[in-house]
Structures are given as structure tokens and as C-alpha cells.
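# Examining the three-dimensional arrangement
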Protein chains: 2
Amino acid sequence: MLELEEKILREGEILPGNILKVGDFLNQQIDTDFMVKMGEEGARLFKDAGITKVITVEASGIALAFAVAQALHVPMVFAKKYGSANIAGDIFKASVYSYTHKQTFDIVISKKYLTSDDVVLICDDFLAKGNALNGLIHITEQAGATLAGAVIAIEKGFQGGGDLLREEGVRVESLALIDTMEDGVIVYRR
Amino acid sequence: MLELEEKILREGEILPGNILKVGDFLNQQIDTDFMVKMGEEGARLFKDAGITKVITVEASGIALAFAVAQALHVPMVFAKKYGSANIAGDIFKASVYSYTHKQTFDIVISKKYLTSDDVVLICDDFLAKGNALNGLIHITEQAGATLAGAVIAIEKGFQGGGDLLREEGVRVESLALIDTMEDGVIVYRR
């Protein structure tokens, strides 16, 4: 998505250690008009996949997942981080290691909200090693639901998570796919 | 908002201890089409207030805040819970006690995203004692921004937080305002 690629170059900030900050429009402050466009693009990519549910993990995936789900007119479900969960009864659970916070946490979705009848699209703001995505795939499998694929706002291709999943046959669509990010220069994959 | 009142009666669940569960459509699974309508209603209530920014706190407030902000075509900013924050530099911070989790946590917004030029609308899914709302008001004050008011999906009027804020002159608009919830019977305030 060319508009996103340009917006990252214009408004993103690269910090030491290959950290890309896009808090200005994507994950603390959200440019709502632009997020709606990203949602429409994500929905367009999967419009023929028969999606019944869009899932993500709290908190920074929620806005994109909502925007995609609203364009597809299907419900959105977000996995909660276990410590923060106020969920009674049966749950699907997966462990996710966060490089940002250097710890493993569990993510959970109530069994009520994902069934074997569902065709699932996963959304998230970032894809690096693919830990959150793998956790959501694991939950989708536990539910016996069909995985249609994933829409990611920004993939850090050089961290390999997306390509590993593609090799396993998962359809991963990233709206911006960064191949390299060295010395503050972003190069996109074409 | 009559449609929301009816939806709560139809799809909500009252658990012992006056706990209202609306995870089916509001805060784990989100009925996106309906959330868009709630967003439009929230935006309509504040359409002449000159709102420049909608703020909320992660995670369950994000969908409503996004829906309201998108209807107003302004940015949305969500406060992060401090432990989960990946925020560098200067921040505004407030302490919030959570009755759900029986603990106090800090919420933070980067100073970049809230300034004295902003006219702020606060959104959240629930209002009970008003702790989260007070935290967000405190952050708005620290920024020197103007508080236009708050849009809440469901207010538990019998817990008093909303009325206390109204007495202090804060414009609190709840899309559904529950006056009593006894023996599993919900009575709305008119």
C-alpha cells in the first residue's frame, strides 16, 4: 500500500536497534481517516475468502482489526492478555513471547467467540518474528476454525517471521513490507 | 440510545455482584456495524464542540473511541497502562484504581499527542465509579487541553461516578445509563 509506505517515511521515526516508531499515526495516536483506508485495503485483499471473524490481540492491534472487520461487516474479537483478562469460563489460550517487553505472556479468547464454523482473518499492527501471529494461529487451530490468513500493517521482513509463515502456507498480507532498515534508511520489498 | 438499551437486554448477561457482561458485542467480541452506529451517535452529541482529539485507555475503550473519532474525522489517542508501555520521552501520567483487577495502575500518554491547543473528548466502554475517566481528565488537565466531555457506552448510574462528575460540571453522555440492576432486572434512567 503505497500511501502507507510513504506515510512511514514521512511520519515514522527510526530509533537505535532497528526500532521503528509509528506512534504518530498507528499505535498510540491513530490517524482515523487513514486507518479506515488501511481497513478497506485489508478487506479488499480478503473479500472473497468468506471471512466470518477478524481477530487480533490487545491493545495496538485493535484499531486495524476493527477497521478491517467493519469494512467486511463481520465481528472483531480481540485476545486479552491473561493477567488483564476478565473472562469467565472456557478459554482458548496461547503463550506469546514479547521482544518489546522481554517476557512471555498468555493470550486468551473465550470459547464463545471462536468456533469450528468460523473463517478467521488475523490482523495486527506489526509483524517481526511472528510471535503474536503464531499465538493467534494456535488459538484459531484450537477452535477448529479455518485460517484465511493475516493482514499486517507493517512487516519487518528482515526479522523473518512473515516469510517463515508463508513457507508454511499461511497467506500473510502486509500493507508495508520493510526489507531492510539500516542506518535509518527504509527499503521496501517489491 | 434505544438500540443499545435493547441490545443490552437481549445480549447482555448479569452475573452475581452486579457484574454486567457485554462481551458478545462490546468488549471482547465487537459487533462492528453496531459499534459504528454508537460512534456516530457519540459524534453527533459533540458535533459542535470543536473536538480535535478523542482519547481513551487501552484496551476495551479503543473500539468505541476509534468509532467516535472516525465519525468526527479527528485523531484518536489511547493511554497505555504503564507496565505495558513502550513509550520514550516525556509522558503525562495518572493513577487509576481498577475494581475489576483490584489494583492501581498508571496510565500514560506521550506529551507529543496532547497539547494545550486540543479540545478533548474522552470515550470509554464502561463508567462505574469513574476511576478511568478521572485519570483521563487528570491527563487532559496536565496537557492544559480543553475538556469537552465524555462519551460512555454503558454507565452504571447506581455506582455514582457519572453523577459526581456531572456535579463538577463535566459533560458526561452515556449511550445507555443504567439506574438500577437488581435481581437481574435492568432499569434505565430516562
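As a starting point, this report considers the structure included with it. (Residues numbered from 1 in each chain as written. Chains lettered and ligands numbered in written order. Predicted model: local features only at pLDDT ≥ 70, side-chain atom pairs only at ≥ 80, totals over all residues. Heavy atoms only, no water.)

## Description of the packing of helix α3 (residues 32-45) of chain A against helix α4 (residues 62-72) of chain A
Residues and elements named next belong to chain A. Note the cut-off: Angles run from 0 to 180 degrees between N-to-C directions of axes, and those axes are lines fitted to C-alpha atoms, restricted for helices to the stretch in contact. A run of H or I in DSSP counts as a helix once it spans at least four residues, and a run of E counts as a strand once it spans at least two, with each numbered from the N terminus. Small angles under 35 degrees read as roughly parallel and large ones over 145 as roughly antiparallel, with 65 to 115 read as roughly perpendicular and the rest as oblique. By definition, any crossing whose near helix is turned counterclockwise from its far helix by less than a right angle is left-handed, and any crossing with a clockwise turn is right-handed. Any two residues having at least one pair of non-hydrogen atoms within 4.5 Å are treated as being in contact. For this classification, Asp, Glu, Lys and Arg are treated as charged, while Ala, Val, Leu, Ile, Met, Phe, Trp, Tyr, Cys and Pro are nonpolar and the rest, including Gly, are polar.
Put simply, α3 and α4 touch, their axes get as near as 7 Å, and they point 60 degrees apart. Here α3 is positioned oblique relative to α4, judged by the angle of their axes. The chirality of how α3 crosses α4 is right-handed. Facing α3, whose interface residues are Met35, Val36, Met38, Gly39, Glu40, Gly42 and Ala43, α4 presents Ala63, Leu64, Ala67, Val68, Gln70, Ala71 and Leu72. Split by residue class, the contact of α3 with α4 holds 10 nonpolar, three polar and one charged.

## Some details on the pattern of salt bridges
The condition that has to hold: Salt bridges are identified by distance alone: a Lys or Arg side-chain nitrogen within 4 Å of an Asp or Glu carboxyl oxygen. Note on classification: 1.4 Å probe, protein chains only; a residue is buried when its accessible area is under 20% of the maximum for its type, exposed when over 50%, partly exposed between these limits.
Evaluated as defined, the whole model comprises 31 salt bridges over all chains. For Lys7 of chain B, the salt bridge identified is with Asp31 of chain B, shortest N-O distance 2.8 Å. Taken as a pair, Lys7 of chain B in helix α1 (residues 2-11) and Asp31 of chain B in the loop between β3 (29-30) and α3 (32-45) lie far apart in primary sequence, 24 residues in all. Judged by its relative accessible area of 6%, Lys7 of chain B falls in the buried class. Salt bridges sharing partners connect three or more residues here, namely Glu155, Asp163, Arg166, Asp179 and Arg189 of chain A.

## Focus: the pairing of strand β8 (residues 119-127) of chain B
Residues and elements named next belong to chain B. Stated formally: In short, DSSP must find at least two bridges between two strands for them to pair. If you view a crossover with the strands going away from you and the path from the first strand over the helix to the second runs clockwise, you call it right-handed.
Burial analysis of β8 places eight of its nine residues in the buried class, which makes it a mostly covered element. Sheet analysis places strand β4 (residues 53-57) next to β8, joined by three bridges and oriented parallel. Directly across from Val54, in β8, lies its bridge partner Leu121. In this structure, β8 lies alongside strand β9 (residues 146-156), joined through eight bridges in parallel fashion. For Asp124, the partnering residue across the bridge sits in β9 and is Ile152. Crossover β8 to β9 through helix α5 (residues 131-143) is right-handed.

## Overview of the nonpolar core
The criterion, for reference: Nonpolar cores are built from buried Ala, Val, Leu, Ile, Met, Phe, Trp, Tyr and Cys residues. Side-chain atoms within 4.5 Å join them into one set.
In this structure, Val54 of chain A together with Val54 of chain B are the most contacted members of the largest nonpolar core, which totals 82 residues. Discounting chain neighbours no more than four positions away, the residues touching Val54 of chain B are Ala65, Val68, Ala69, Leu72, Val74, Pro75, Met76, Val77, Leu121 and Cys123 of chain B.

## Digging into the interface of chain B and chain A
Quick note on the threshold: Once two parts are joined, some of their accessible surface, as seen by a 1.4 Å probe, is lost; buried area is that loss totalled over both. The term polar contact refers here to a pair of N or O atoms within 3.5 Å; inside protein, the definition further demands a hydrogen-donor-capable atom paired with an acceptor-capable atom, and it admits residues adjacent in sequence only when both atoms are side-chain atoms.
Contacts between the two partners involve 43 residues from chain B and, on the opposite side, 43 residues from chain A. A buried area of about 3300 Å², summed over both sides, lies between chain B and chain A, and 53% of it is on carbon and sulfur atoms. On the surface where chain B and chain A come into contact, there are three salt bridges. The partner of Asp24 of chain B in a salt bridge is Lys112 of chain A, and the shortest N-O contact between them spans 2.9 Å. Summed over the shared surface of chain B and chain A, the result is 21 residue pairs in polar contact (both at pLDDT 80 or more). Counting only elements with at least two residues in the side of chain B that touches chain A, the list comes to α2 (23-27), β3, α3, α4 (62-72), β5 (76-81) and β7 (103-110) of chain B. When residues of the side of chain B that touches chain A are assigned to their parent elements, the largest contribution, six residues, is made by α4 of chain B. Within the side of chain B that touches chain A, the residues separate by chemical class into 21 nonpolar, 14 polar and eight charged.

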